[in-house]
Amino acid sequence: QVQLVESGGGLVQAGGSLRLSCVASGGTFNSYIMGWFRQAPGKEREFVARIFWSGSTTYYADSVKGRFTISRDNAKNTVYLQMNSLKPEDTAVYYCAARRSVGSEYSYWGQGTQVTVSS
């Protein structure tokens, strides 16, 4: 059983930056594909970014491409989401998640961290 704990959320002005962290425990971290998702009030949860096991392959939603960067440190069991040039529409609860393989669903989820971007 993998436990995921996010941190780093907060209130920031538009154009600012935040870095989210997600620490994993209870599993072999480098055997999981890690993803970040977000859910804004009244909206469905949406994909933000994912990173493969070694960190060499990443994917981003079009809405964050060029502004957000996902990375991982397998020695620290941690995945990061560096968010730059934040916009009010980035306001959401951000979740990290883990899955074993490309064909599987995300089996493990964190509790989320709130990101609020003021205009």
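It should be emphasised that the depicted structure is a prediction, and the values quoted were computed from it without experimental measurement.

Can you help me understand the overall build of the protein in this one?
Across its full length, the protein holds 0 helices and 11 strands. Order of helices (α) and strands (β) in the protein, N terminus to C terminus: β-β-β-β-β-β-β-β-β-β-β. The globule rule puts the C-alpha radius of gyration for 119 residues at 14 Å, and the 13 Å found for the protein is close to it. Projecting the C-alpha coordinates of the protein onto the three principal axes gives extents of approximately 40 × 25 × 25 Å. Per-residue burial over the protein gives 43% buried out of 119 residues. Total accessible area on the protein is roughly 6100 Å²; 46% of this is exposed by carbon and sulfur atoms. One finds the centroid of the 12 positive side-chain charges in the protein at a distance of 5 Å from the centroid of its 8 negative side-chain charges.

Help me understand the nonpolar core in this model?
Across soluble globular proteins, nonpolar side chains have a tendency to be buried as a group. Counting residues in each nonpolar core, the largest one holds 31 residues, and the members touching the most others are Leu4, Met34, Trp36, Leu81, Met83 and Tyr94. Within the residue set of this core, elements represented by two or more residues are strand 3 (18-25), strand 4 (33-39), strand 5 (46-51), strand 7 (68-73), strand 8 (78-83), strand 9 (92-99) and strand 11 (113-118). Contact partners of Met83, with chain neighbours within four places excluded, come to Gly16, Ser17, Leu18, Leu20, Arg67, Phe68, Tyr94 and Val115. Counting 5 residues, the second-largest nonpolar core is a separate cluster that includes Ile33, Phe37, Phe52 and Ala97.

I tried to follow the side chain of Arg67 on my own but got confused; where do I start?
Looking at where Arg67 falls in the secondary structure, it is placed in the loop between strand 6 (58-60) and strand 7. Looking at Arg67, its side chain comes within polar contact range of the main-chain oxygen of Ser85, at 3.0 Å. If we ignore the near neighbours within four places in the chain, the residues touching Arg67 are Gln82, Met83, Asn84, Ser85, Leu86, Lys87 and Asp90.

Calculation criteria
- Residues numbered from 1 in each chain as written.
- Predicted model: local features only at pLDDT ≥ 70, side-chain atom pairs only at ≥ 80, totals over all residues.
- Heavy atoms only, no water.
- Helix = DSSP H or I, 4+ residues; strand = E, 2+ residues; numbered from the N terminus.
- Rg over C-alpha atoms; globule rule 2.2 N^0.38 Å.
- Buried < 20%, exposed > 50% of the residue type's maximum accessible area, 1.4 Å probe, protein only.
- Areas by Shrake-Rupley, 256 points an atom, 1.4 Å probe, with all protein chains shown as cover.
- Lys, Arg positive; Asp, Glu negative; His and termini not counted.
- Charge placed at Lys NZ, Arg CZ, Asp CG, Glu CD.
- Core = buried A, V, L, I, M, F, W, Y, C linked by side-chain atoms within 4.5 Å.
- Contact = heavy atoms within 4.5 Å.
- Polar contact = N/O pair within 3.5 Å; in protein donor to acceptor, adjacent residues only side chain to side chain.

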